[in-house]
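# Survey of secondary and tertiary structure
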Amino acid sequence: MADLTADLGFIKLKNPVIPASGTFGYGGEFLQFFDLDLLGAFVMKGVYSEERGGNEPPRIWETPSGLLNSIGLAGPGAEGLRGIIKEVASKTSTPIIVNVCGGNDEEYLEVARVLDVMEEVAMLELNISCPNVRSGGSCPAQSPSDTKKVVRLLKENTKKPLIVKLSPNVSDVPSVARAAEEAGADAISVVNTFLGLALDVKNRKPVFKNFFAGLSGPAIKPLALKIVWEVAEAVNIPVIGIGGIMTGRDVLEFILAGATAIQTGTVNIIEPTGSVRIINETLELMDELKIDNLEEIRGGLNI
Amino acid sequence: MKEEACRVITNTIIQGRYYLMKLESSHISENSKPGNFVMVAVSGSNDPLLKRPFGIFKTDPPYFYIYYEVVGKGSELLASKMTGDLVMVVGPLGNTFPEYENENILLVGGGRGIAPLYFAIEQYSGSNNLSLIYGARSKDDLLFTEEIGKFALKEKAFYTDDGSGFTKGQVTTDIKEIIERNGINITFSCGPDKMFESLNSEIGSLGISNFVSMEAFMGCGFGICYSCVVKGSDGKYKKVCSDGPVFRMEEIKWQI
Ligand SMILES: Cc1cc2nc3c(=O)[nH]c(=O)nc-3n(C[C@H](O)[C@H](O)[C@H](O)COP(=O)(O)OP(=O)(O)OC[C@H]3O[C@@H](n4cnc5c(N)ncnc54)[C@H](O)[C@@H]3O)c2cc1C
Ligand SMILES: Cc1cc2nc3c(=O)[nH]c(=O)nc-3n(C[C@H](O)[C@H](O)[C@H](O)COP(=O)(O)O)c2cc1C
Ligand code: FES
């Protein structure tokens, strides 16, 4: 049977499948569906320093094979999250990743510091792309120099491995990825949602109060795959591929494009046991294609 | 709650755009109570992507029923399912109407909101004195009146907006008299938000316990995507799928 291990260097995961932030709650909600130990790791919903209510509804809109969301990062705040993390950690040994959000560099650091001292947290994922929170629209992921600044700040003041999650909504993602790498990022995860627009013709209004919303799901897969390939070419740290992954075949496509592991997003929302199905399908497909381990095909396109 | 492939036993038109689907699942049929709902995959592909929420209409283990109106792409696909087809279902989801004994309870249904109330009649009419007010746009939208007639209800009143078939009016038309006459101290209601708004202004301050079962656009149905929120009277958002769908009327911030 094929070996599903995904080696990020700073941690070895038993398989490459990591449910993505915002699509897996805080993990515990899925215990009624399956044993979290089956996963490679999982990422908790994004957290700011303070409690937040999130955006005014509507918060989602269905598009052909896609989902637009404008949730607005509702959540309990970093301190409030501590108890939730301890509770889930007592029920699984799978590595827990927390998605760190902030309105400015100081807030990113404040959140990261609270989580950095928790032994239950294996890694931090820095969410520098924030499609659903309107704050003048400026996010560090928009510029390589802002990215470098915030990543360096966190690397200098925290100890946990740091994954930097990039936005696809910039003209040159690889240069932002390189900036994160230079500032000491341990891995890159990419992509967050693509900004999109839904309009209501009858009322001549945007569907969402925040105007734009983030597109995810199978509709974005080819776009995400392209960016993952470009980023993997540009950096030497591990890349975690994200975007529309629904099947084991999709997983192997992202690995082939150069990803070391992958995150599953929207699939968890629409099919609670989807990530487990995807792990099983990946294994079956590797056996069928006689692939012994993921390293054998990673970035190994015949071109 | 579980995610499983359920077999369609029957899927029949009740009237016009209204369908009743009988599905097989021991887990769902044995563990559902009035108020619970299921998320149903309407297509086997990625389009439409989201499952659709439907209230449990009744159970008869190992079978359960959903009653639905065809209003869009998803429900239209559901209407095309045939006996023997497998559909992915997640459930049972959400909370339920509270269980009482020997109380005078009034059920108020608007349109397709009759689904969880029918289940409540079936489950609770033996142990409580139930009365029912049921309203819809026209007689073509007011269903199951015959089946409902088989249960022992203290009083039942049917209304249509256009006066076809039944008394012209809304569910609120005679509600105060009905509450008075039957010594009602508890109400269970389900219907559109507009109906809840008028119920709230009519009976919200009578000092009785009012429970509403709400609808919202849902992503997951089990509390993880935060897409189905309504504003609570405390100013905080509540998730209809996992904090509800049943709320105490005073927990929700109504518009009027
Ligand atoms: C807890 C619960 C229980 C329910 N129980 C029942 C039941 O027992 N029987 C029943 O018939 N129905 C029930 N519903 C409603 C049912 O889920 C919807 O009618 C169904 O999802 C419609 O799907 P569709 O694809 O056919 O329609 P769609 O094509 O999805 O849309 C129908 C209408 O909604 C609008 N719409 C679609 N998406 C959004 C969005 N994100 N935000 C705002 N507007 C949108 C569309 O423009 C259209 O007018 C229930 C809903 C909930 C939440
Ligand atoms: C409802 C929803 C909420 C999300 N919340 C977050 C979040 O809090 N932090 C974050 O970094 N990404 C968030 N995302 C983005 C996902 O983690 C993922 O990057 C994106 O959905 C693309 O993957 P997919 O196509 O597999 O869904 C969210 C996505 C969705 C659909
Ligand atoms: S539908 Fe996802 S939280 Fe309610």
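See the structure printed just above.
Quick summary incoming for the structure in this document. Note that this is a predicted model, so its numbers are computed, not measured.

## Topic: the packing of aromatic side chains
Considering all chains together, one arrives at 23 aromatic pairs over all chains under this definition. The interplanar angle of 70° and the centroid separation of 5.1 Å between the aromatic rings of Phe33(A) and Phe222(B) together place this pair among those described as edge-to-face. Of this pair, Phe33(A) sits in the loop between β3 (17-19) and β4 (42-47) while Phe222(B) sits in the loop between β12 (209-213) and β13 (229-231), each in a different chain. With a relative accessible area of 13%, Phe33(A) lands in the buried category. Judged by relative accessible area, Phe222(B) falls into the buried class, the value being 6%. Relative to Phe166(B), the ring of Phe158(B) has its centre 5.5 Å away and its plane inclined at 65°; by these criteria the two rings are edge-to-face. A residue is classified by how much of its surface remains accessible, and Phe166(B), at 27% relative accessible area, is partly exposed.

## A short note on the layout of surface pockets
Residue and element names in this part refer to chain B. A volume near 400 Å³ is recorded for the second largest pocket. What lines the second largest pocket is a set of 21 residues, among which Ala-41, Ser-43, Gly-44, Ser-45 and Met-88 lie closest to the centre. Of all elements in the fold, only β1 (2-15) and β6 (86-93) reach the threshold of two or more residues within the lining of the second largest pocket. The residue makeup of the lining of the second largest pocket, split by class, is 11 nonpolar, five polar and five charged.

## Things to note about the pattern of salt bridges
For the structure on display, the rule yields 28 salt bridges over all chains. A salt bridge links Lys236(B) to Glu51(A), with the nearest nitrogen and oxygen atoms 3.8 Å apart. Taken together, the residues span two chains, with Lys236(B) in the loop between β13 and β14 (237-239) and Glu51(A) in the loop between β4 and β5 (60-63). Taking relative accessible area as the criterion, Glu51(A) reaches 54% and is therefore assigned exposed.

## As for a negative patch on the surface
All names here are of chain A. On the surface, a cluster of negative charge is contributed by Asp-3, Glu-284, Asp-287, Glu-288, Asp-292 and Glu-296. With respect to the element layout, Glu-284 can be found in helix α8 (residues 274-288). The exposed category is assigned to Glu-284, whose relative accessible area is 54%.

## Description of the site of ligand 2
All names here are of chain A. With respect to spatial proximity, 24 residues lie near ligand 2, and among them Ser-21, Lys-165, Gly-217, Gly-244 and Thr-266 are the closest. In the environment of ligand 2, an oxygen atom lies 2.8 Å from a nitrogen or oxygen atom belonging to the backbone of Ser-21. Contact between ligand 2 and Asn-99: a nitrogen atom at 2.8 Å from a side-chain N or O atom of the residue. For ligand 2, the protein covers 96% of the area, taking 610 Å² as the surface of the free molecule.

## Concerning the pairing of β6(B)
Residues and elements named next belong to chain B. The buried fraction of β6 is high, at six of eight residues. As judged from the six bridges shared by β1 and β6, these two strands associate in the antiparallel manner. The residue of β6 that forms the bridge with Ala-5 is Met-88. The pairing of strand β3 (residues 37-40) with β6 spans three bridges and is classified as antiparallel. What sits directly across from Phe-37, in β6, is Leu-93.

## Remarks on unusual backbone geometry
Cis geometry is found at the peptide bond from Pro57(A) to Pro58(A), where omega equals 0°. Residue placement: Pro58(A) occurs in the loop between β4 and β5. Note the cis peptide between Pro61(B) and Pro62(B), where omega equals 5°. Looking at the element boundaries, Pro62(B) is found in the loop between β4 (52-60) and β5 (63-69). The backbone of Leu73(A) sits at a positive phi, close to 50°, despite the residue not being glycine. In this structure, Asn102(B) takes a positive phi of about 55° despite not being glycine. In this fold, Asn102(B) is placed in the loop between β6 and β7 (104-110).

## Quick notes on empty space enclosed by the protein
Residues and elements named next belong to chain A. Per the counting criterion, the structure on display carries one cavity of 30 Å³ or more. The wall of the largest cavity is formed by 37 residues, among which Ser-21, Gly-22, Thr-23, Asn-69 and Thr-193 lie closest to the centre. Sorting the residues of the lining of the largest cavity by element identifies β4, β6 (66-69), β16 (261-264) and α7 (266-270) as the ones contributing at least two each. Sort the elements by how many residues they give to the lining of the largest cavity and α7 lands first, with three residues. Of the residues belonging to the lining of the largest cavity, the class tally is 15 nonpolar, 20 polar and two charged.

## Describing the state of the cysteines
Residue and element names in this part refer to chain B. Within this structure, the stated rule accounts for zero disulfides over all chains. Residue Cys-190 stays outside any disulfide, its sulfur separated by 15 Å from that of Cys-228, the closest cysteine. Judged by its relative accessible area of 3%, Cys-228 falls in the buried class.

Reading the values: rules and limits
- Residues numbered from 1 in each chain as written.
- Chains lettered and ligands numbered in written order.
- Predicted model: local features only at pLDDT ≥ 70, side-chain atom pairs only at ≥ 80, totals over all residues.
- Heavy atoms only, no water.
- Phe/Tyr/Trp six-rings, centres within 6.5 Å; stacked < 30°, edge-to-face > 60°.
- Helix = DSSP H or I, 4+ residues; strand = E, 2+ residues; numbered from the N terminus.
- Buried < 20%, exposed > 50% of the residue type's maximum accessible area, 1.4 Å probe, protein only.
- 1 Å grid on protein atoms, 1.4 Å probe; cavity = no way out; pocket = protein on both sides within 12 Å on 5 of 7 lines; lining within 4 Å.
- Points joined across faces, edges and corners; volume = space filled by probe spheres on them.
- Nonpolar A, V, L, I, M, F, W, Y, C, P; charged D, E, K, R; others polar.
- Salt bridge = Lys/Arg side-chain N within 4 Å of Asp/Glu carboxyl O.
- Patch = residues over 30% accessible without salt bridge, like charges linked within 9 Å, V, L, I, M, F, W, Y side chains within 5 Å.
- Areas by Shrake-Rupley, 256 points an atom, 1.4 Å probe, with all protein chains shown as cover.
- Lys, Arg positive; Asp, Glu negative; His and termini not counted.
- Charge placed at Lys NZ, Arg CZ, Asp CG, Glu CD.
- Near = heavy atom within 4 Å.
- Polar contact = N/O pair within 3.5 Å; in protein donor to acceptor, adjacent residues only side chain to side chain.
- Pairing = 2+ DSSP bridges.
- Disulfide = S-S within 2.5 Å.

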